[in-house]
Amino acid sequence: MGVIQNPDPGQAPGADFTIAQNWPGYTREDHAIWRTLFERQSKLLPGRACTEYLEGLESLGVAAEGIPEFERLSDIMERATGWRIVAVPGLVPDDVFFRHLAARRFPATNWIRRREQLDYLQEPDIFHDVFGHVPILMNPVFADYLQAYGRGGLKALRLGSLPKLARLYWYTVEFGLIETGEGLRIYGAGIVSSHSETVYSLESSKPKRIGFDLMRIMRTEYRIDDLQDAYFVIRNFEQLFDATRPDFTPYYDDLKTQADIPPGALAPGDRPVSLSV
Ligand code: HBI
Ligand code: FE
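The following refers to the structure shown.

Reading guide: rules and limits
- Residues numbered from 1 in each chain as written.
- Chains lettered and ligands numbered in written order.
- Predicted model: local features only at pLDDT ≥ 70, side-chain atom pairs only at ≥ 80, totals over all residues.
- Heavy atoms only, no water.
- Helix = DSSP H or I, 4+ residues; strand = E, 2+ residues; numbered from the N terminus.
- Rg over C-alpha atoms; globule rule 2.2 N^0.38 Å.
- Buried < 20%, exposed > 50% of the residue type's maximum accessible area, 1.4 Å probe, protein only.
- Contact = heavy atoms within 4.5 Å.
- Areas by Shrake-Rupley, 256 points an atom, 1.4 Å probe, with all protein chains shown as cover.
- Lys, Arg positive; Asp, Glu negative; His and termini not counted.
- Charge placed at Lys NZ, Arg CZ, Asp CG, Glu CD.
- Donors = N, O, S within 2.8 Å, 3.2 Å for Na, K, Ca; no water.
- 1 Å grid on protein atoms, 1.4 Å probe; cavity = no way out; pocket = protein on both sides within 12 Å on 5 of 7 lines; lining within 4 Å.
- Points joined across faces, edges and corners; volume = space filled by probe spheres on them.
- Nonpolar A, V, L, I, M, F, W, Y, C, P; charged D, E, K, R; others polar.
- Near = heavy atom within 4 Å.
- Polar contact = N/O pair within 3.5 Å; in protein donor to acceptor, adjacent residues only side chain to side chain.

This paragraph deals with the overall build of the chain. Of the regular secondary structure elements, the chain holds 12 helices and six strands. Taking 277 residues into account, the globule formula puts the C-alpha radius of gyration at 19 Å, and the chain, at 18 Å, falls close to it. In the chain, buried positions account for 53% of the 277 residues. Within the chain, contacts between residues at least 6 apart in sequence are counted, and of these 70% link residues at least 24 apart. Of the accessible surface of the chain, which amounts to about 12,300 Å², a share of 52% is contributed by carbon and sulfur atoms. Measuring between centres, the 30 positive side-chain charges of the chain sit 2 Å from its 38 negative side-chain charges.

Laid out in structure tokens, this is it:
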């Protein structure tokens with residue numbers, strides 16, 4: 001990808017890959033790109049994103065003015081759920097990523113996409129990481145889930161099963177949907193930070209929408225280059241946290257005997273979730 005990554009790193013990354021956010025280093029254009037993205041998404045999200053996300057966004061004061069300072073957001077988050085944001089230059093190694101999550105530190109990229117890439121970006125930038133991931137971390141149950149995921153990630157690495165566990169991250173943290181009394185809502189960061197997928201995931205008749213099932217998700221392949229073919233729907237965040245509480249070691253052994261499922265396929269036992277309330 002032709003992204004100009006971290007044009008002004010401020011300092012070299014250390015062993016934990018953290019760097020200074022270097023907030024004064026953002027240009028007027030960087031802030032303007034944030035504003036464009038923010039305004040587009042905030043028009044779309046009421047009635048589409050879940051209440052927990054929207055409330056988080058509101059109480060953090062993440063706003064249209066421009067790229068927020070991690071220190072300010074971290075102080076608010078720390079009081080709510082004990083999480084802080086640390087700046088990183090881009091994707092970090094899996095073990096580094098998981099160690100941060102396990103310590104309730106969310107690694108956020110410090111650079112923003114160029115105007116030519118408003119709609120499509122394969123790597124996370126600051127808009128995806130902060131607008132997409134951070135607000136939901138104000139919810140105590142989700143906050144615990146992501147920390148548990150970090151611990152589970154370190155274990156999956158040791159057991160050689162990270163490709164399976166990574167699917168859980170993909171279909172929940174990145175592309176999760178939630179059923180509410182008012183209808184289907186978004187909580188996944190990959191959706192809330194994407195103009196096209198916000199509408200597509202909730203309104204298109206093309207993708208499958210399937211009730212959350214931990215083992216089913218860990219068998220399901222995913223695509224990183226296009227809108228998703230399937231979304232998994234939770235009933236609430238407790239369901240997510242409870243399902244992932246046990247030791248996954250026997251699950252990984254089981255999965256070795258089960259075939260993977262292609263992204264858009266249906267499997268026996270799938271609970272279809274319909275679009276109408
Ligand atoms: N690094 N900065 C960053 N952001 C991620 O989401 C990320 C990462 N490194 C590894 C990683 N994700 C994967 O391990 C997970 O998506 C499973
Ligand atoms: Fe992400």
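What follows deals with the coordination of the iron ion (ligand 2). Summarising the metal site, the iron ion (ligand 2) is bound by the protein donors His128 (NE2), His133 (NE2) and Glu174 (OE), whose distances to it range over 2.0 to 2.1 Å. Spacing between the donor residues of the iron ion (ligand 2) along their common chain follows H-x4-H-x40-E. The burial state of His128 is the same as that of His133; both residues are buried.

As a further point, take empty space enclosed by the protein. If you walk through the whole model with that rule in mind, you get one cavity of 30 Å³ or more. Its volume calculated, the largest cavity comes out at about 30 Å³. Around the largest cavity, the lining residues are Gly132, His133, Ile136, Phe142, Thr172, Val173, Tyr187, Gly188 and Ala189. For the lining of the largest cavity, the secondary structure elements donating two or more residues are helix 5 (126-133) and helix 7 (162-174). Class assignment of the residues belonging to the lining of the largest cavity gives a composition of five nonpolar, four polar and no charged.

What surrounds ligand 1 is the set Val88, Gly90, Leu91, Val92, Asp94, Phe97, Phe98, Tyr149 and Tyr169. The separation between a nitrogen atom of ligand 1 and a polar main-chain atom of Gly90 is 3.0 Å. In terms of residue count, helix 4 (residues 94-102) provides more of the shell around ligand 1 than any other element does, three residues in total. Looking at the shell around ligand 1, its residues break down into seven nonpolar, one polar and one charged.

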